[in-house]
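Residues per chain are reported as follows:
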Amino acid sequence: MLICNVVGARPNFMKIAPIVDELQKRRMPQILVHTGQHYDANMSRVFFDELGLPRPDVDLEIGSDTHARQTARIMMAFEDVCREHRPGLVIVVGDVNSTLAAALVAAKLHIPVAHVEAGLRSFDQSMPEEVNRVVADHLSTLLFVTEQTGVDNLRREGVAAEKIHLVGNCMADTLLKHAAVAVERAPWMDFGLMPGAYTLLTLHRPANVDDRDVFEPLLAALSSVTARLPLLFPVHPRTRARLDEWRLPLPANLMLVEPLPYLAFLGLLAKARLVLTDSGGVQQETTMLNVPCLTLRETTELPVTLESGTNRLVGTDAAKIEDSVRMIMDGAWQTGQRPPLWDGQAGARIVDILAAWSAGQP
Ligand code: UD1
């Protein structure tokens, strides 16, 4: 049976890597399809190179567009891929538009779908990712879950227990594989920084950067960080476009740089004094690395990072950011524990289940 792995955007690449690797080891037939949702070299190709992912067998080169147009174009192109290659299973990961589009196409062609990182819910329907997650889950035959809350959410939504598999976290697999090398490379030196003596920011959610009345005060609120330590800010293309458009005032000590490759970013995360982010992946990575994380959102789909990890939700509230920064600098932050099954073996568990499942297919 041919397995078709689908990726599209930056956070997908580290999630698919351990699965592709494990399928390869067991010589299970697979193809890798890149939708081209992300296409800049530093948002896409560099991740393939660093993670040792094979070149995609098919690159749909869809690029950027409105949600409906991007999703529709991926669907049209991916339908042709499915008709040509006739996979017995389509694997989608995460919650980006490519995830939803590929899952919909496969389901309509009666090809079973496996969703990796299933069951996560922010309960905020205004996030495009929440819509993508819910739909992808309900189209899937195999749902691979990273934390217990994901299982609970799916059961509450009526998904049959036998479809749900708590397997751990593929991002954690990738992180554990690469963390030592990433730190050895000392990426902070490229920016004139010292380990433990800088902070790191990522920001790209439409809710934070597409509304000037939110983005401008948020940038101002970062001065409680920059007053204490340099703040390195690899800028996502969406965020860069808003900064250029509005020419917003930036706090001194905020260092804007291009999006970073995986290993440089991971090394920087590992030795940051604290991290501010609105990304999902970074909340998981800081919990793995036991680095304090302030999430610039009101909700998270990853409650385990709050309960046993190093994460705290601060929204865009300047006072909450300031209080949290003070606590971290005073050494009064919670220490993180790695959640159960975030142990580097999620990819192997998933492929064990796939192998058993495919043996039972006609
Ligand atoms: C997408 C995902 C989001 C994920 C993020 C990681 C959806 C709905 N959102 O958001 O969940 O956290 O990726 O980065 O799928 N652009 C470039 N070059 C690129 C890619 C994007 O210049 O390689 C610019 C384009 O102007 C584009 C904008 O960034 O319009 C947004 O890209 P898009 O893929 O639509 O969404 P992201 O904000 O990246």
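Reading the values: the criteria
- Within each chain, residues carry numbers counting from 1 in the order of the written sequence.
- The model is predicted, so local features are restricted to residues of pLDDT at least 70 and side-chain atom pairs to those at 80 or more, both for listing and for counting; the totals for chains, interfaces and linings are taken over all residues.
- With hydrogens and water set aside, each side-chain value is computed from the structure's full complement of heavy atoms.
- Only rings of Phe, Tyr and Trp enter the pairing, Trp through its six-membered ring, and a pair is recorded when the two centres are within 6.5 Å. The plane angle decides the type: under 30 degrees is stacked, over 60 is edge-to-face, the rest tilted.
- Helix and strand labels come from DSSP, where a helix needs a run of H or I of at least four residues and a strand needs a run of E of at least two; each type is numbered from the N terminus.
- The buried label goes to any residue with under 20% of its type's maximum accessible area, the exposed label to any with over 50%, and the partly exposed label to all in between, with areas taken from a 1.4 Å probe on protein chains only.
- Each residue after the first adds 1.5 Å to the expected span of a helix.
- To be clear, the arc concerns the directions from the helix axis to the C-beta atoms.
- Contacts: residue pairs with any heavy atoms within 4.5 Å of one another.
- Two strands pair under a simple rule: DSSP has to find at least two bridges between them.
- Lines fitted to C-alpha atoms define the axes, with helix axes restricted to the stretch in contact, and inter-axis angles between N-to-C directions lie between 0 and 180 degrees.
- Buried Ala, Val, Leu, Ile, Met, Phe, Trp, Tyr and Cys residues that are joined via side-chain atoms within 4.5 Å together make up what is termed a nonpolar core.
- Note that the domain bounds were set by an automatic or database domain assignment.
- Buried area: the accessible surface (1.4 Å probe) lost by two parts on joining, summed over both.
- We define a salt bridge as a side-chain nitrogen of Lys or Arg found within 4 Å of a carboxyl oxygen belonging to Asp or Glu.
- Polar contacts, as used here, are pairs of N or O atoms within 3.5 Å; protein pairs need one atom able to donate a hydrogen and one able to accept it. Residues neighboring in sequence count only if both atoms are side-chain atoms.
- Residues are grouped as follows: Ala, Val, Leu, Ile, Met, Phe, Trp, Tyr, Cys and Pro are nonpolar; Asp, Glu, Lys and Arg are charged; all remaining types, including Gly, are polar.
- For each residue, the test is whether any non-hydrogen atom lies within 4 Å of the molecule or strand; if one does, the residue is near.
- For every accessible area listed, the method is Shrake-Rupley and the probe measures 1.4 Å; residues are considered covered only by the protein chains on display.

Note on aromatic pairs: each is described by the distance of the centres and the angle between the planes. Summed over all chains, the structure comprises two aromatic pairs. Ring centres 6.1 Å apart and planes at 40° place the aromatic pair phenylalanine 13 and phenylalanine 47 in the tilted group. Linking phenylalanine 13 in helix α1 (residues 10-25) with phenylalanine 47 in helix α2 (residues 45-51), this pair joins segments that are 34 residues apart in sequence. Across this residue pair, the class does not change: phenylalanine 13 and phenylalanine 47 are buried. Plain terms: the ring middles of phenylalanine 13 and phenylalanine 48 are 5.1 Å apart, the flat faces sit at 55° to each other, and that makes the pair tilted. Pair noted here: phenylalanine 13 is in helix α1 and phenylalanine 48 is in helix α2, with a separation of 35 residues, a long-range link.

All right, on to helix α3 (residues 67-85) then. Across its 19 residues, α3 extends 26 Å between first and last C-alpha, which sits within 8% of the 27 Å expected from 1.5 Å per residue. What α3 keeps buried is the set Gln70, Thr71, Ile74, Phe78, Val81 and Cys82. One side of α3 holds all its buried residues, which, seen down the axis, span an arc of 95°. Residues of α3 that are exposed and angled more than 90 degrees away from the buried face: Ala68, Arg69, Met76, Asp80, Arg83 and Glu84. Along its buried surface, α3 packs onto β1 (3-7), β2 (30-34), β3 (58-59), β4 (89-93) and α4 (97-108).

In this section: the sheet that holds strand β8 (residues 199-202). Read from one edge of the open sheet, six strands run β10-β9-β8-β11-β12-β13, paired in parallel fashion. Because the sheet does not close on itself, it has two edges, and the strands there are β10 (254-257) and β13 (311-313). Within this sheet the neighbouring strands show an average axis-to-axis angle of 20°, counted without direction. Looking at chain direction, β8 and strand β9 (residues 231-234) are connected through two bridges and run parallel. Within the sheet, the bridge partner assigned to threonine 199 lies in β9 and is leucine 231. Lying on the sheet, helix α12 (residues 262-270) is in contact with β8, β9 and β11 (274-277); it crosses β8 at an angle near 130°.

Our next topic: the nonpolar core. Formed by 57 residues in total, the largest nonpolar core has its most connected members in Leu53 and Ile91. Counting residues per element, this core draws most heavily on α1, at seven residues. In contact with leucine 53, not counting residues within four places along its chain, are Phe13, Ile16, Ala17, Val20, Leu32 and Phe48. Of all hydrophobic cores here, the second largest spans 25 residues; its members include Leu201, Trp246, Val314 and Ile328.

Let us now look at the domain arrangement of the protein. The domain architecture assigned to the protein consists of domain 1 (3-169 + 342-359) and domain 2 (176-329). Taking the mean C-alpha position of each, domain 1 and domain 2 sit 26 Å from one another. The interface is formed by 25 residues belonging to domain 1 together with 24 residues belonging to domain 2. Around 2,000 Å² of area is buried between domain 1 and domain 2 when both sides are counted, 59% of it from carbon and sulfur atoms. Inspection of the region where domain 1 meets domain 2 yields three salt bridges. Where lysine 177 meets aspartate 21, a salt bridge forms, and the shortest distance between an N and an O atom there is 3.8 Å. The interface formed by domain 1 and domain 2 contains five residue pairs in polar contact (both at pLDDT 80 or more). If you list the elements that add at least two residues to the side of domain 1 that touches domain 2, you get α1, α2 and α5 (128-139). In the side of domain 1 that touches domain 2, the residues fall into eight nonpolar, six polar and eleven charged.

This brings us to the site of the ligand. Taken together, 18 residues lie near the ligand, and Gln37, His38, Glu129, His204 and His236 sit nearest. Between aspartate 40 and the ligand, the recorded distance is 2.9 Å, taken from a backbone N or O atom to an oxygen atom. The side chain of histidine 236 places a nitrogen or oxygen atom 2.8 Å from an oxygen atom of the ligand. Compared with its free state, where it exposes 740 Å², the ligand has 84% of that area covered by protein. Elements represented by at least two residues in the shell around the ligand include exactly α1, α5 and α11 (237-246).

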